[in-house]
Amino acid sequence: MSSAIVRCAWCGNDPLYQAYHDTEWGVPLHDDRALFELLTLEGAQAGLSWITVLKKRENYRRAFANFDPEAVARFGDAETAALLANPGIVRNRLKIASTIANARAFLAIQAEFGSFDTWLWSFVEGCPIDERRADIGAVPASTPLSDALSKALKKRGFRFVGSTICYAFLQAAGLVNDHTVDCFRHREVTALSSPAA
């Protein structure tokens, strides 16, 4: 894309970051497997930069059964040991254990509500929130919405789902449109979020 195109300031000049920003970030997401992937990666990011995790994404997909929650929920000691020895992912024992525990909690929500998507989007009554931020400095680290989601996830047994992680997840999964108003994707994502989309 031309350098004249204005993007959200956070994505900088890294081509991988720009591609993620231009095609995925903020797009309303309703696929359960993709939502489990995103929630896992956001948790893996804790204490790291998003680009670090983004560069490991394909490795994560291979290591975690393409983020099939049913498969991940069955992981035991052997799979955990293999993950801890895998240099392609963040080899943090707590984060790995949390992904397996989260898969089980994810399945419980699916069983209760029919899909994780149905449960998650109920937090915004099925309609993305367009924040219309003027600049990156206006974007908060967390909100009352992410506080509520974090509390609900923790109550259901999820780990690595603090409010800051949850807000990043809400932004990435398109429940909140935090593309700044000068970004070319703001208008496009807003259009995707409309009932007619």
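Residues numbered from 1 in each chain as written. Predicted model: local features only at pLDDT ≥ 70, side-chain atom pairs only at ≥ 80, totals over all residues. Heavy atoms only, no water.

Peer 1: Any chance you could explain the environment of Glu131 here in plain terms?
Peer 2: Following the sequence through the fold, Glu131 ends up in the loop between β1 (129-130) and α9 (144-155). As a C-alpha pair, Glu131 and Gly26 span 105 residues in sequence and 12 Å in three-dimensional space. Once you skip the residues sitting within four places of it in the chain, Glu131 turns out to touch Tyr167, Val176, Asn177 and Asp178. (Helix = DSSP H or I, 4+ residues; strand = E, 2+ residues; numbered from the N terminus. Contact = heavy atoms within 4.5 Å.)

Peer 1: It is not clear to me how the state of the cysteines should be interpreted in this structure. Could you clarify?
Peer 2: Each disulfide consists of one covalent bond between the sulfur atoms belonging to two cysteines. This structure, assessed with the given rule, holds zero disulfides. The cysteine Cys127 is free of any disulfide, with Cys8 supplying the nearest cysteine sulfur at 19 Å. (Disulfide = S-S within 2.5 Å.)

Peer 1: Help me understand the side chain of Glu37, please; the structure alone is not making it clear to me.
Peer 2: Relative to the helices and strands, Glu37 resides in helix α2 (residues 32-45). Within the local environment of Glu37, its side chain forms a polar contact with the side chain of Arg61, the two groups lying 3.0 Å apart. With residues near it in sequence (within four places) discarded, Glu37 still touches Arg57, Arg61 and Phe67. (Polar contact = N/O pair within 3.5 Å; in protein donor to acceptor, adjacent residues only side chain to side chain.)

Peer 1: Just checking my understanding: could you explain the side chain of Arg57 for this structure?
Peer 2: Looking at the secondary structure, you find Arg57 in helix α4 (residues 57-63). A distance of 2.7 Å separates polar atoms of two side chains, one belonging to Arg57 and the other to Glu24. Excluding residues within four positions of it along the chain, Arg57 makes contact with Tyr20, Glu24, Glu37 and Leu41.

Peer 1: How should I be thinking about unusual backbone geometry in this particular structure?
Peer 2: In most cases, non-glycine residues show a negative phi, while peptide bonds are predominantly trans. Notably, Ala65 is not glycine yet its phi reads approximately 50°, a positive angle. Residue position: Ala65 is located in the loop between α4 and α5 (69-73). Under the relative-accessibility criterion, Ala65 is labelled partly exposed at 31%. Look at Asn66: it is not a glycine, yet its phi comes out positive at around 55°. By the secondary structure assignment, Asn66 is in the loop between α4 and α5. (Buried < 20%, exposed > 50% of the residue type's maximum accessible area, 1.4 Å probe, protein only.)

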